[in-house]
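Next come the chains, spelled out residue by residue.
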Amino acid sequence: MAPAHSEMQDLLRQVSRSFYLTLRILPRPINRQLSCAYLLARAADTIADTRLLEVRHRQEALLQLRRCIQDACEGRKTMLPDFGELAKAQKANASEGTFGERVLLENLGCALHALSGFTREDCREICQVLNTITRGQELDLVRFGACSIERIAALGTDEDLDDYIHCVAGCVGEFWTRMCRAHVFPKAALDDAILLKNSVRFGKGLQLVNILRDLPGDLRQGRCYIPEVRLSEYGLSPRHLLDAAAMGKFRPLYDSYLRQAADHLSAGWQYTVMLPFRCARVRLACAWPILIGMKTLARLGGGNVLDGRERIKLSRAELRRLMLRSLILYPFPQAWNRCGYFSPPAKIV
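Residues numbered from 1 in each chain as written. Predicted model: local features only at pLDDT ≥ 70, side-chain atom pairs only at ≥ 80, totals over all residues. Heavy atoms only, no water.

Engineer: Break down the overall build of the protein for me, with residues and values.
Structural biologist: Check the secondary structure of the protein and you find 16 helices and two strands. At 20 Å, the protein has a C-alpha radius of gyration in line with the 20 Å of a compact globule built from 349 residues. Viewed in the frame of its principal axes, the protein has a C-alpha envelope of about 55 × 50 × 35 Å. When burial is assessed residue by residue, the protein has 54% of its 349 residues classed as buried. For the protein, the share of sequence-separated contacts (at least 6 apart) that also reach a separation of at least 24 residues comes to 75%. Just so you have it, the protein exposes about 16,100 Å², and 52% of that area is on carbon and sulfur atoms. Charge-centre separation for the protein: the mean point of 49 positive side chains lies 7 Å from the mean point of 37 negative side chains. (Helix = DSSP H or I, 4+ residues; strand = E, 2+ residues; numbered from the N terminus. Rg over C-alpha atoms; globule rule 2.2 N^0.38 Å. Buried < 20%, exposed > 50% of the residue type's maximum accessible area, 1.4 Å probe, protein only. Contact = heavy atoms within 4.5 Å. Areas by Shrake-Rupley, 256 points an atom, 1.4 Å probe, with all protein chains shown as cover. Lys, Arg positive; Asp, Glu negative; His and termini not counted. Charge placed at Lys NZ, Arg CZ, Asp CG, Glu CD.)

This is the structure we're talking about:
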């Protein structure tokens, strides 16, 4: 299994700039399981987003991948589908994918093979979370697969938005927690009901940050994750959001979602500080995406997200400073705990 794990780490470096660092610091008992699950989820996301292929082909590929994952998790021999066409699509148009995502699709067998080295219980957890994620992506394809900048579709209600972010991210918080409970702190005296509840909000918060940051790019692909019912309350439609000048009218609604994301991330921080202090690697792996997310929210609150030229992205230097500060403060629990408690969400402007 060592070569497979080494290959997975190399793939992780290529497909994820910040989350690779989070996964890398995780303790050995859960590192491979979460890395494998992430790569398979990322492959599914790449398949769903490869707009150079027809929707039905992407749906078929997602179904094939889900079957392969299920077979591998249950110890059955499976023949890996030929994703060569999907991989070529990443190379054909840089806007449709990255070099890392092409390499991932070409080497998907590495992640699937790694499943054979996990316990039956771990495989069951991985299969369950990936099944939820891929079904969420499938629903996304049905909603938005045929859309474009000329034909923008939006989610209907806040309930639709909450269901989506639970399917593609909230369930990951539960998975992460169950894996940690099984392998890292099985005997720790924790309130599991609160821990699981906050873990779901943790995942939802990270996904909502992505949605709010990537709004202009999604709109130009015909996808609007801001619910149509809410937009209509402000006299707006998805097409209005293509115009940067609409930000003044959109700002109150946008800020309400910034506050919602901040509330979710605050629950994620409560989750993090509940974990045993001795589990420094897990706590830091949780803290870094939360701190990055909150810094991103602060930037989004001060800019015009509808102006596609102003895409918010933290620099590598900023990421390093943020991570270094959390490491320096970790031996001092009170100071470390405070670094994740933020100004009230209402102050995001």
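Engineer: Account for the packing of helix H4 (residues 55-73) against helix H8 (residues 120-144), with residues named and values stated.
Structural biologist: Viewed as axis vectors pointing N to C, H4 and H8 meet at an angle of 175°, and their least axial separation amounts to 10 Å. As the angle between them shows, H4 and H8 are arranged roughly antiparallel. Across from Val55, Arg58, Gln59, Leu62, Arg66, Ile69, Gln70 and Cys73 in H4, the residues of H8 making contact are Cys123, Cys127, Leu130, Asn131, Thr134, Arg135, Gln137, Glu138, Leu141 and Val142. A breakdown of the residues in the contact of H4 with H8 according to their chemical character gives nine nonpolar, five polar and four charged. (Axes fitted to C-alpha atoms, helices over the stretch in contact; angles between N-to-C directions. Parallel < 35°, antiparallel > 145°, perpendicular 65-115°, else oblique. Nonpolar A, V, L, I, M, F, W, Y, C, P; charged D, E, K, R; others polar.)

Engineer: Tell me about the packing of aromatic side chains, and name the residues and values.
Structural biologist: Taken as a whole and assessed by the stated rule, the structure comprises seven aromatic pairs. Ring geometry for Tyr164 and Tyr225: centres 5.0 Å apart, planes at 25°, overall stacked. Here Tyr225 lies in the loop between strand E2 (223-224) and helix H12 (228-233) and Tyr164 lies in helix H9 (residues 158-183), a separation of 61 residues in the sequence. Of the two residues, Tyr164 and Tyr225, neither departs from the other in class, the shared state being buried. Seen in terms of ring centroids, Phe277 and Tyr330 are 4.8 Å apart; in terms of plane orientation they differ by 10°. Their pairing is stacked. Of this pair, Phe277 sits in the loop between helix H13 (247-274) and helix H14 (280-301) while Tyr330 sits in the loop between helix H15 (316-329) and helix H16 (333-338), placing them 53 residues apart in sequence. Ring pairing ties together the aromatic residues Trp269, Phe277, Tyr330 and Trp336, which thus form one cluster. (Phe/Tyr/Trp six-rings, centres within 6.5 Å; stacked < 30°, edge-to-face > 60°.)

Engineer: A description of the pattern of salt bridges should follow, citing residues and the corresponding values.
Structural biologist: All chains considered together, the criterion is met by 16 salt bridges. Across the pair Arg230 and Asp158 runs a salt bridge, and its minimum N-O distance is 3.1 Å. Taken together, the residues Arg230 in helix H12 and Asp158 in helix H9 connect sequence positions 72 residues apart. For Arg230, a relative accessible area of 17% translates into the label buried. (Salt bridge = Lys/Arg side-chain N within 4 Å of Asp/Glu carboxyl O.)

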